[in-house]
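Structure assessment
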Amino acid sequence: MDHERARSLFIEYRDEELAQELRFELEEHLRTCPDCRRDWEAYNETVTGVSALGRVKPPRDFVQKIERKIGRRSAGRFFGARNEFNLSFALVSFVLIVFFLLAYLFIASGREVRVIPRAGGGDTEAGPVTGGDTASGGPRREPSRLEEGGTEPR
Ligand SMILES: [Zn+2]
């Protein structure tokens, strides 16, 4: 039996799964080969030591801590999805709120002429008028910029 063959049998030998003949051959080799004997003892001690440790229960937030750490170290490339989702969700809802607010102000400023005679609410008047101006003024400027840019290449 050569060294490689002997070492390949360590696992089965320790688990007592070797056929008797092979076991005798291996034991004979270990008796005559100090190198393999040293390796065998190292393997046996390591496996014995590991199994003596038993199972250790991880803390409850173990997985979450690991995910957070991985997220931090990978700069959010891994396990950073949750944070990205929160951020984009906040951004989208903010944009939606602003959009509906502007839409409301725009509609309110459009109705303004009809509403004033009926309700006569002086307090609600001031807000919609100024808001409507900025809302309608913003979008109108942008197309003109785009048109200028579009004419340049020609
Ligand atoms: Zn050997």
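Structural notes, computed from the coordinates. (Residues numbered from 1 in each chain as written. Predicted model: local features only at pLDDT ≥ 70, side-chain atom pairs only at ≥ 80, totals over all residues.)

Side note on the nonpolar core
Formed by Ala 6, Leu 26, Leu 30, Cys 36 and Trp 40, the largest nonpolar core amounts to five residues. Those elements that place two or more of their residues in this core are α3 (20–32) and α4 (34–53). Sequence-distant contacts of Leu 30, defined by excluding residues within four places in its chain, comprise Cys 36, Arg 37 and Trp 40. (Core = buried A, V, L, I, M, F, W, Y, C linked by C-beta atoms within 7 Å. Buried ≥ 20, exposed ≤ 12 C-beta atoms within 10 Å, placed from the backbone. Helix = DSSP H or I, 4+ residues; strand = E, 2+ residues; numbered from the N terminus. Contact = placed C-beta atoms within 7 Å.)

A few points about the environment of Ile 66
In this fold, Ile 66 is placed in helix α5 (residues 62–73). For the pair formed by Ile 66 and Phe 79, sequence separation is 13 residues and the distance between their alpha carbons is 9.4 Å.

Let's talk about unusual backbone geometry
Positive phi outside glycine occurs at Glu 16, with the angle close to 55°. Along the polypeptide, Glu 16 turns up in the loop between α2 (10–14) and α3.

What to know about α4
For α4, which comprises 20 residues, the first-to-last C-alpha distance of 29 Å matches the rise-based estimate of 28 Å (1.5 Å per residue) to within 8%. In terms of burial, α4 is largely open, as just two of its 20 residues are buried. (Expected span 1.5 Å × (residues − 1).)

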